[in-house]
There are 2 protein chains.
Amino acid sequence: MKILPIIMCGGSGTRVWPESRESRPKQFIPLLGSRSTFQTAIETLTDPLFETPIVISNQDYRFLIAEQLQEIGRSAHIVLEPLRRDSGPAVAVGTELAMETDPKTIVAVLAADHTLRDRGGFIASCREAAAAAAGGHIVTLGIKPKEPATGYGYIKTGKAVVDNGTVLKVEAFVEKPDAPTAAAYVAAGHLWNAGNFFFRADIMEEELRRFAPAILEAACDALAKARRDLDFLLLDKEAFARAPKISIDYAVMEHTQRAAVVPADIGWSDVGTWAAVCELSQRDANGNSVRGHGVVMDARNVHIRSDENLTTVVGVDNVVVVTTEDAVLVLDRAHGDKVKQLVDRLKSENRREAFEHKRSHRPWGYYQSVDRGSRYHVKRIVVKPGARLSLQKHLHRAEHWIVVRGTAEVTRNDDVVLVHENESIYLPIGTIHRLANPGKIDLELIEVQTGSYLGEDDIVRLEDVYNRV
Amino acid sequence: MKILPIIMCGGSGTRVWPESRESRPKQFIPLLGSRSTFQTAIETLTDPLFETPIVISNQDYRFLIAEQLQEIGRSAHIVLEPLRRDSGPAVAVGTELAMETDPKTIVAVLAADHTLRDRGGFIASCREAAAAAAGGHIVTLGIKPKEPATGYGYIKTGKAVVDNGTVLKVEAFVEKPDAPTAAAYVAAGHLWNAGNFFFRADIMEEELRRFAPAILEAACDALAKARRDLDFLLLDKEAFARAPKISIDYAVMEHTQRAAVVPADIGWSDVGTWAAVCELSQRDANGNSVRGHGVVMDARNVHIRSDENLTTVVGVDNVVVVTTEDAVLVLDRAHGDKVKQLVDRLKSENRREAFEHKRSHRPWGYYQSVDRGSRYHVKRIVVKPGARLSLQKHLHRAEHWIVVRGTAEVTRNDDVVLVHENESIYLPIGTIHRLANPGKIDLELIEVQTGSYLGEDDIVRLEDVYNRV
């Protein structure tokens, strides 16, 4: 038996701001260790139990996904949503893709922004769930609660599906409770709903047709009209827009009679808040953990996360301090769930730090703003070996490029020249130009833009290997 | 009657790190408002009561002092100490300078790192103190305590110097007390010792000769052998080194019979800790104050200070957060006095952030590191109108300069060329070069250094208008 995993990673999770932002949400951040939760999820699926995964995400993240897969040397089929429609339509698309191969395909819908400590236990649970799914159930993993959490939905379990079996009937999915209710749920043996589902493709299609036909129809149509774009399958926008924006829980799971659950004790966490990240981090005798450059004095239960700058805490207990290149968060551990509210406020004030990082990832590499004045802007630009930017021109700015590592191939109007380390080139306003890295190592250059308008939107793309014209 | 003010500003105060560092200590930081405490001290002395002040400082700060004076359009005589010797020798030097004009000169020794709210009250107190000084007393300002502070020394007052006068005899100077003792002092009517002294030059010389002859001798010798260097008077190093390192309090004030005090209620603060800065800052209804880019959510009595980056605080009360371009401090307000300890620890770990800012001030302007890689370093360089760097060369690095504002005059081996906005110039390794700003506005340029060694000490200075060869 094989399982076809469908990884959903289109969320824009900002609860671990300022690390996560819309331009690089939680699932793509190395919250613990050196890999993102998306990457560890993909790596977990290298077990022979699984087929090559299908990744469903928002089209904004296509190059980020490709890059993160490349970093760990894994491949996946990537399906792109042209707009956000919650998990219901995504599951429908995954179901229909599985149908194309075999209606009896066992599909696992998995989240990309969770962690688990016990990989072996997880795979064993997957096997159990898949077996039950083969028998016609829609199976979820139910996590044995560590504490009466108020941040998760719960599953009220019923009798075993098969006499003496471990897979249980789901009596009800219940919403995130308040604290006393959560305590009652834990006492009653309810399980956490981790949002993973296992099912046979034909069964899910049947349930979708019964409970959410509009979703199924829109998903089928979006797939029929989808187009290949480089290595991505891009769903048709107009068709997909017709799908109601609704989670699979509301669309199907709360209505179906086929819901079952595999109780699992696998060290699962949704690392949904900084408090959860603290929990999972290695701490010293005072309960402090420091990632990056940090110093704690006279304080306990402090979590510092600081990439480049030095972050110091003196005399403040139970605090999380996250320092990025352009923003600092000082958060009481008990207020972890308020970060979303903070980010909403920053968004309403239209602060750039709420949406974007200083470093912007592109299919060809990245650029990062390093200095800015009223009439100039300095960027570090890194181009991957073999990659090339679009053929472009600017109407308001001139650019000076100084190569500090590798070799650049620069198209400048009708010429193509090589620029080597410690050489520079000048592109006056209006020059048609293109930057490429013909070499075997990263190309790094410092770009100094000068002009009266320096917005990113002053770009006329004439040709682009990444189809961004 | 005129007063000759002597401003002492050689301290290396780091208690408001990360804003203050050895390379730019507390007195030169705009802790409140837009001016440094040194600048506001100088401005207070524009009253006709005062002569042109003498500034005594460490030679490391000579260009900083000149720049800060220029910013506010004030002048002063600047005396430079070649090494740190505490306040005793500095007062002796000031006394001897005053003696040169007139032995009866009334001298006021003032600190550069204090603030006061009531300038009129201060000047009235100065008049009173000067009158008593003219009569042969050494007079200090005694501040009426706001609270039983443990961070200041106290003055035990005696009878009035003149019957029914307001100037009192000093019975004793007492050390910084513990909390219960401080409360007893306040109850007994003791005053804070603000470290300002008023005296006639001949009287102080007499007392120095009596109680600290080694200081007086070293000071006289250091002055006799001093040399003029640009606009500065540089004390002789060898002679000054012979002065014992001791405060004027220990050297003279605790021994003299001539000590008197003017009780003063002038809104004085030594802004010695971040807690004191909070006290003096404007706060909202929740007790929060934000300077720069900051957001506070669900918290009270928070003080944020953040120049460029966005700093956010969620759910943490009574905290001071200071974000600079390369370091963050998160400090409980009650732990303000521990910052010194933190900085000592950072120094012992030899962290750059303990000593220096990212921006380095030079007599010609400043430079600031904006990006750095293993084989490159990017700086923003700003040169003041009319200023010029030294004629120099480097053995390990080449430099690319892109002018982004103003006009540069660049000497390159035997040539002198003008480089205008949006033009660049290249200086290969070993080129003898000099940068100057011949224009009327600041010159700004981006420098990209490339090479295998990029330390600041790779510089051979051949000629320098600031005598740094």
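Residues numbered from 1 in each chain as written. Chains lettered and ligands numbered in written order. Predicted model: local features only at pLDDT ≥ 70, side-chain atom pairs only at ≥ 80, totals over all residues.

This next bit is on the overall build of chain A. For chain A, the helix and strand inventory stands at 12 helices and 28 strands. Whereas a compact globule of 469 residues would reach a radius of gyration of roughly 23 Å, chain A reaches 25 Å, a difference of no more than 12%. Counting only C-alpha atoms and orienting by the principal axes, one finds that chain A spans roughly 75 × 60 × 40 Å. When burial is assessed residue by residue, chain A has 48% of its 469 residues classed as buried. Within chain A, contacts between residues separated by at least 24 positions form 66% of all contacts whose residues are at least 6 apart in sequence. (Helix = DSSP H or I, 4+ residues; strand = E, 2+ residues; numbered from the N terminus. Rg over C-alpha atoms; globule rule 2.2 N^0.38 Å. Buried ≥ 20, exposed ≤ 12 C-beta atoms within 10 Å, placed from the backbone. Contact = placed C-beta atoms within 7 Å.)

Another aspect to go through is the nonpolar core. Counting 236 residues, the largest nonpolar core has V330(A), V139(B) and V330(B) as the members making the most contacts within it. One finds L443(A), V382(B), L389(B) and L435(B) within the second-largest nonpolar core, a separate group that totals 42 residues. (Core = buried A, V, L, I, M, F, W, Y, C linked by C-beta atoms within 7 Å.)

Let us now look at the sheet that holds strand 18 (residues 359-362) of chain B. Residue and element names in this part refer to chain B. Pairing is antiparallel across the open sheet formed by six strands, whose spatial order is 18-19-20-27-22-25. In this open sheet, the two edge strands, each paired with only one partner strand, are strand 18 and strand 25 (424-427). On average, each strand axis in the sheet is inclined to that of its neighbour by 20°, with strand direction left out of account. (Pairing = 2+ DSSP bridges. Axes fitted to C-alpha atoms, helices over the stretch in contact; angles between N-to-C directions.)

Right, let's get into the relation of the copies chain A and chain B. After a rotation of 180° and a shift along the axis of 0.0 Å, chain A superposes on chain B with an RMSD of 0.1 Å. Read as a symmetry element, the transformation amounts to a two-fold axis. Across chain A, the rotation axis passes nearest the C-alpha of V370(A), at a separation of 2.9 Å. (Least-squares fit on C-alpha atoms with pLDDT ≥ 70 in both.)

Residues and elements named next belong to chain A. The omega angle of the peptide bond from W17 to P18 is 5°, so this bond is cis rather than trans. When you line up the elements, P18 lands in the loop between strand 1 (3-8) and helix 1 (37-44). The backbone phi angle of V271 is positive, close to 30°, even though this residue is not glycine. Looking at the element boundaries, V271 is found in the loop between strand 13 (268-269) and helix 10 (274-280).

So, about the domain arrangement of chain A. Splitting chain A by domain gives domain 1 (3-269), domain 2 (279-353) and domain 3 (359-463). Put simply, the middle of domain 2 of chain A and the middle of domain 3 of chain A, counted by C-alpha atoms, are 35 Å apart. (Domains from an automatic or database assignment.)

Turning to helix 2 (residues 62-72) of chain A, a few remarks are in order. Residue and element names in this part refer to chain A. Residues R62, L64, I65 and Q68 constitute the buried set of helix 2. Taken around the axis of helix 2, the buried residues stretch over an arc of 165°, which confines them to a single face. Exposed residues pointing more than 90 degrees away from the buried face of helix 2 are listed as Q70 and E71. Of the surrounding elements, those touching the buried residues of helix 2 are helix 1, strand 2 (54-58), strand 3 (77-81), strand 11 (232-234) and strand 18 (359-362). Downstream of helix 2 by one or two residues, G73 has phi in the positive range, about 65°. (Arc of directions from axis to C-beta.)

Attention now goes to the environment of F38(B). Residue and element names in this part refer to chain B. Structurally, F38 is set in helix 1 (residues 37-44). The exposure class of F38 is buried, given the 26 C-beta atoms found within 10 Å. In contact with F38, other than residues within four places in its own chain, are C9, Q27, F28, Q68 and A112.

In this assembly, 50 residues from chain A lie in contact with 50 residues from chain B. Here the side of chain A that touches chain B is built from residues that sort into 26 nonpolar, 11 polar and 13 charged. Bridge count between strand 17 (residues 327-332) of chain A and strand 15 (residues 303-314) of chain B: five bridges; the pairing is parallel. Paired with V330(A) across the bridge in strand 15 of chain B is V313(B). (Nonpolar A, V, L, I, M, F, W, Y, C, P; charged D, E, K, R; others polar.)

The periodicity of an α-helix, 3.6 residues per turn, causes residues three or four places apart in sequence to face the same way. Between its first and last C-alpha atoms helix 3 (residues 87-101) of chain B spans 22 Å; for 15 residues at 1.5 Å apiece the expected length is 21 Å, and the two agree. Looking only at helix 3 of chain B, the buried set comprises S87(B), G88(B), P89(B), A90(B), V91(B), A92(B), V93(B), G94(B), T95(B), L97(B) and A98(B). (Expected span 1.5 Å × (residues − 1).)

Once that is clear, we can look at the environment of R397(A). Secondary-structure assignment places R397(A) in strand 22 (residues 397-405). Not counting the four nearest positions on each side in its chain, R397(A) is found in contact with I429(A), Q449(A), T450(A), G451(A), L454(A) and D458(A).

Take the packing of helix 6 (residues 201-211) of chain B against helix 7 (residues 213-224) of chain B next. Residue and element names in this part refer to chain B. Axis separation between helix 6 and helix 7 bottoms out at 5 Å; the angle between their running directions is 120°. Taken together, the axes of helix 6 and helix 7 lie oblique to each other. Of the residues in helix 7, those in contact with E205, L208 and R209 of helix 6 are P213, I215 and L216. Tallied by class, residues from the contact of helix 6 with helix 7 come to four nonpolar, no polar and two charged. (Parallel < 35°, antiparallel > 145°, perpendicular 65-115°, else oblique.)

Here is the key point about a regular strand: its side chains alternate between the two faces of the sheet. All names here are of chain B. The buried fraction of strand 2 (residues 54-58) amounts to five of the five residues, a majority that puts the element mostly inside the structure. Inspection of the sheet shows strand 1 (residues 3-8) paired to strand 2 by three bridges, in the parallel sense. The residue of strand 2 that forms the bridge with M8 is I56. A crossover links strand 1 with its parallel partner strand 2, the connecting element being helix 1, and its sense is right-handed. For strand 2 and strand 3 (residues 77-81), the ladder comprises five bridges, and the chain directions are parallel. Each residue of the ladder has a partner; that of I56, found in strand 3, is V79. Handedness of the crossover is the feature at issue here: the chain leaves strand 2, passes through helix 2 (residues 62-72), returns alongside strand 3, and the resulting connection is right-handed. (Right-handed = clockwise from strand over helix to strand, strands pointing away.)

Glancing now at the sheet that holds strand 19 (residues 365-372) of chain A. All names here are of chain A. A sheet is described by the order of its strands in space; here six strands give the open sequence 18-19-20-27-22-25, paired in antiparallel fashion. Bordering the open sheet on either side are strand 18 and strand 25 (424-427), each of which pairs with just one other strand. Within the sheet, the average angular offset between the axes of one strand and its neighbour, ignoring direction, is 20°. Strand direction decides the pairing type here: strand 22 and strand 27 (residues 443-451), joined by eight bridges, are antiparallel. From the neighbouring strand, R397 faces strand 27, where its bridge partner is G451.

What follows concerns the packing of helix 3 of chain B against helix 6 of chain B. Residues and elements named next belong to chain B. For the pair helix 3 and helix 6, the least separation of the axes is 9 Å and the interaxial angle reads 135°. The orientation of helix 3 relative to helix 6 falls into the category oblique. In this structure, helix 3 crosses over helix 6, and the sense of that crossing is left-handed. For the pair formed by helix 3 and helix 6, the contact residues are V91, A92, T95, A98 and M99 on the first element and A201, M204, E205 and L208 on the second. (Left-handed = near helix turned anticlockwise from the far one by under 90°.)

Our next topic: the environment of L208(A). Residues and elements named next belong to chain A. You can see L208 is positioned in helix 6 (residues 201-211). By C-beta crowding, L208 is classed as buried, having 26 other C-beta atoms within 10 Å. Between the alpha carbons of L208 and V252 there is a distance of 6.6 Å; along the sequence they are 44 residues apart. Discounting residues that sit within four places of it in the chain, L208 has contacts with A92, T95, I215, L216 and V252.

On average, residues of chain A carry a pLDDT of 93, and 100% of them reach 70 or more. Within chain A, strand 18 of chain A has the poorest average pLDDT of any element, 85, and helix 6 of chain A the best, 98. (pLDDT = per-residue confidence, 0-100.)

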